[in-house]
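Okay, here's what each chain looks like letter by letter:
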Amino acid sequence: MLSTTGWECSPVPCFVTACKIALTALVASALLVIVALVLLTSLPVAWADPVAVRPHAPALAPSAVITSTVMTSCLAVYPGNPQAGDEVYLVWSGTPSRATLHMKVASANAAHNVYLNGYLVGQVTPNLGGRDCETNPQPVQWQIASLGWVRKGFNRIEITNQVNPYDTWYATQAYLVLEGDVAAATLEPFTFSSSYDSSLQAAMLQLPPGYDGSPLPLVIALHGWGETRWDALGYWGPAAAEQGWLFVAPEMHGERPDTPPGRRALASRASQHDIVDALAYVDVNYGVDPDRIYLAGESMGGMIAATTAAKYPDRFAAAVDVSGISDLAAWYDEVNWYRQQQIAEECGGPPNEVGFEYERRSSLHMPGNLVSLPLALVHGLNDTKVPPHHAQDLYDAVQARGGELIELFWHEGGHEAGPYGPEWQLDWLADHVRGAAPARLDIHSDESKPYFWLTIGQTGGDHWTAVQAEAMTTTQKLTATVSDTHPVSLTFDLAGAGLVTDLPYTVIVQEVGGGDPFATVMTLSLIHISEPT
């Protein structure tokens with residue numbers, strides 16, 4: 001039986017500017033409260049405030065000389081450790097005419113070999129002086145014989161003592177210099193305060209060569225298990241520069257951060273907030289094309305990409321999930337005991353104890369959320385780390401909900417992208433631009449948050465709220481079916497749904513029988529009526 005619990009305006013047909021009706025129904029001992037609030041403008045979304053805000057970066061004109069990042073580590077070789085190396089990062093556009101490798105060395109008593117990406121660049125002049133990396137190291141440089149030895153992205157520099165295995169010597173502050181008609185991509189590391197738990201989080205931003213401060217497409221790249229933002233930069237950064245896009249790689253963190261903090265983030269809500277917080281920072285400080293924001297991730301990063309896309313389908317134009325986990329509980333049963341232990345530590349227990357925590361990190365439990373978002377699933381048929389059914393299951397689930405924008409790309413390899421590498425991934429993303437909000441929503445939400453023109457407000461503990469809503473512009477009608485085990489509020493932005501906002505509406509709430517005995521199911525309609533006399 002339905003009963004009116006209170007009016008916040010007189011009980012006459014409600015006008016959009018001033019009426020809010022609260023109605024209750026008691027079903028299977030679960031109270032469900034639906035609040036229909038008609039808004040004139042789009043609902044504000046609260047994102048994290050950036051730690052620091054600065055004007056748009058100035059334009060970067062092509063320059064004759066560009067440099068890589070500088071290696072800050074100290075390389076040491078000695079008896080029993082004949083080889084040491086580290087990496088520097090350099091991405092450019094244009095045509096270089098000359099390349100040199102610079103570094104500082106100390107204590108070399110023989111003509112030891114120095115390598116760039118496996119190629120012999122030169123030999124150290126013996127007895128230059130210096131004691132170690134911190135005490136009087138001497139500058140040296142070599143012209144690189146072939147420009148093809150220099151890679152866009154990370155370049156590995158190695159030293160050896162093969163000439164004299166008993167010698168101990170050091171190298172530090174290595175970097176590459178390119179000369180010619182070239183312009184470099186610029187790295188801008190930054191930190192932000194997490195909107196999830198107020199912790200300070202790190203991210204890496206890359207500005208494309210020649211960036212002039214104009215809003216550009218942005219790709220947010222998500223690293224895999226045990227990796228960091230630097231791994232995501234090395235994999236996707238060069239391709240993003242080729243596209244002329246902004247690029248950001250958040251470190252991400254879990255509910256129970258490890259070292260590094262995102263080593264096993266596993267699509268935690270904390271990692272989801274890291275993504276939208278990093279996006280907010282870049283948008284405020286540099287400017288982002290709001291209709292061309294993309295997600296890309298591999299393995300655990302693919303899992304996070306698909307799950308975050310499902311949680312924020314209105315923010316992204318498209319996403320790529322490579323070898324991602326779609327069902328964390330199923331994957332828990334498919335991995336070894338060590339990985340199970342790590343998953344349980346991050347989630348707060350195994351699936352049989354905290355099943356909902358595993359569900360909320362799994363895109364397979366939110367297929368309807370992905371119906372309106374272009375999503376590319378890339379998976380190897382011989383993947384033994386994340387079995388191929390994870391991609392197939394998600395593809396089937398989204399299609400079963402009516403999703404026609406999801407695509408599945410198989411290859412014969414294992415746990416990698418195969419022929420669908422970062423260049424292909426960004427080319428695929430580039431074909432998609434965020435469209436208008438869909439008229440029909442099929443949302444499964446684990447928390448209170450907005451989805452397009454619908455905002456869900458949960459009460460009670462952790463649980464799912466399911467809402468199917470449709471806005472019909474020809475009849476100026478909006479219908480919604482909600483299922484929840486706790487009281488819940490729904491807020492509809494009629495303008496965002498494409499409905500007229502300067503006409504009177506009435507609210508009809510009708511109980512729907514049947515369904516899960518542990519859930520309350522009701523139908524709510526916003527119906528256009530004639531203006532009262």
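Bear in mind the structure is a predicted one, so any value in this text is a computation, not a measurement.

**Q** Explain the confidence of the model for the protein chain to me, and be specific about the residues and the numbers.
**A** Caution applies to low-pLDDT regions: their predicted coordinates should not be interpreted in detail. Across the protein chain, the average pLDDT comes to 86, with 84% of residues at 70 or higher. Every residue in residues 515–523 is under pLDDT 50, and counting partners more than four places away or in other chains gives 32 contacts.

**Q** Can you break down the sheet that holds strand S6 (residues 83–90) residue by residue, with the values?
**A** The antiparallel open sheet is built from four strands, whose spatial order is S6-S11-S8-S9. Single-partner strands in this sheet number two, and they are S6 and strand S9 (119–123). Averaged over neighbouring strand pairs, the angle between their axes works out to 25° when direction is ignored. Strand direction decides the pairing type here: strand S8 (residues 113–116) and strand S11 (residues 153–160), joined by three bridges, are antiparallel. Pairing of Val114 across the sheet is with Ile159, part of S11.

**Q** Describe in detail the sheet that holds strand S26 (residues 488–492), supporting the description with residues and values.
**A** Taking strand neighbours across the sheet as the criterion, the three strands line up as S22-S23-S26 in an open arrangement whose pairing is antiparallel. At either end of the open sheet lies a strand with only one pairing partner, and these are strand S22 (449–451) and S26. For this sheet, the mean angle separating the axes of adjacent strands, direction not counted, is 20°. Where S22 meets strand S23 (residues 454–458), three bridges bridge the pair, whose relative direction is antiparallel. Within S23, the residue paired with Tyr451 across the bridge is Leu454.

**Q** Tell me about the nonpolar core, and please be specific about residues and values.
**A** In this structure, Phe190, Ile220, Val248, Val282, Leu295, Trp331 and Ile343 are the most contacted members of the largest nonpolar core, which totals 59 residues. Counting 31 residues, the second largest nonpolar core, distinct from the first, contains Ala108, Val121, Ile144 and Leu176.

**Q** Requested: an account of the packing of aromatic side chains, with residues and values cited.
**A** For the coordinates displayed, the defined rule picks out 16 aromatic pairs. Arranged with centres 4.7 Å apart and planes meeting at 90°, the rings of Tyr235 and Trp236 form a pair that is edge-to-face. According to the relative accessible area criterion, Trp236 is buried, its value standing at 2%. Note on Trp453 and Phe492: the rings are 6.4 Å apart at their centroids and 35° apart in plane angle, and the pair reads as tilted. You can see Trp453 sitting in the loop between S22 and S23 and its partner Phe492 sitting in strand S26, a full 39 residues away along the chain. Grouping residues by exposure puts Trp453 and Phe492 together as buried. Taken together, Tyr89, Phe154 and Trp230 form an aromatic cluster joined through their ring pairs. Lying across the ring of Trp225, Arg339 places its NZ or CZ 4.5 Å from the centre.

**Q** Please provide a residue-by-residue account of unusual backbone geometry, values included.
**A** The residue after Thr259, namely Pro260, is reached through a cis peptide bond having omega -5°. With respect to the helices and strands, Pro260 occurs in the loop between strand S16 (246–250) and helix H2 (269–285). The phi angle at Ser107 is positive, at roughly 70°, despite the residue not being glycine. Inspection of the secondary structure puts Ser107 in the loop between strand S7 (92–106) and S8. If you check the backbone angles, Asn117 has positive phi at about 50° while not being a glycine.

**Q** I'd like a description of the state of the cysteines, backed by residues and values.
**A** Under the defined criterion, the tally for this structure stands at one disulfide. Covalent S-S linkage joins Cys74 and Cys133, the inter-sulfur distance amounting to 2.0 Å. Looking along the S-S bond of the Cys74-Cys133 disulfide, the torsion reads about 80°, which is the right-handed sense. On the criterion of sequence distance, the pair formed by Cys74 in strand S5 (residues 74–77) and Cys133 in the loop between S9 and strand S10 (138–143) is long-range, its members being 59 residues apart.

**Q** Now, about helix H1 (residues 229–243): what can you tell me, with residues and values included?
**A** Between its first and last C-alpha, H1 extends 20 Å over 15 residues, near the 21 Å set by a 1.5 Å rise per residue. At Trp236, H1 shows its largest bend, some 50°, and a proline, Pro238, comes one to four positions later. Of the positions making up H1, those classed as buried are Arg229, Ala232, Leu233, Trp236, Gly237, Pro238, Ala239, Ala240 and Ala241. Where H1 terminates, the next one or two residues include Gly244, which has phi positive at roughly 80°.

Procedures and definitions
Residues numbered from 1 in each chain as written. Predicted model: local features only at pLDDT ≥ 70, side-chain atom pairs only at ≥ 80, totals over all residues. Heavy atoms only, no water. pLDDT = per-residue confidence, 0-100. Contact = heavy atoms within 4.5 Å. Pairing = 2+ DSSP bridges. Helix = DSSP H or I, 4+ residues; strand = E, 2+ residues; numbered from the N terminus. Axes fitted to C-alpha atoms, helices over the stretch in contact; angles between N-to-C directions. Core = buried A, V, L, I, M, F, W, Y, C linked by side-chain atoms within 4.5 Å. Buried < 20%, exposed > 50% of the residue type's maximum accessible area, 1.4 Å probe, protein only. Phe/Tyr/Trp six-rings, centres within 6.5 Å; stacked < 30°, edge-to-face > 60°. Lys NZ or Arg CZ within 6 Å of the ring centre and 35° of its normal. Disulfide = S-S within 2.5 Å. Expected span 1.5 Å × (residues − 1). Bend = angle between axes of the 7 residues up to and from the residue.

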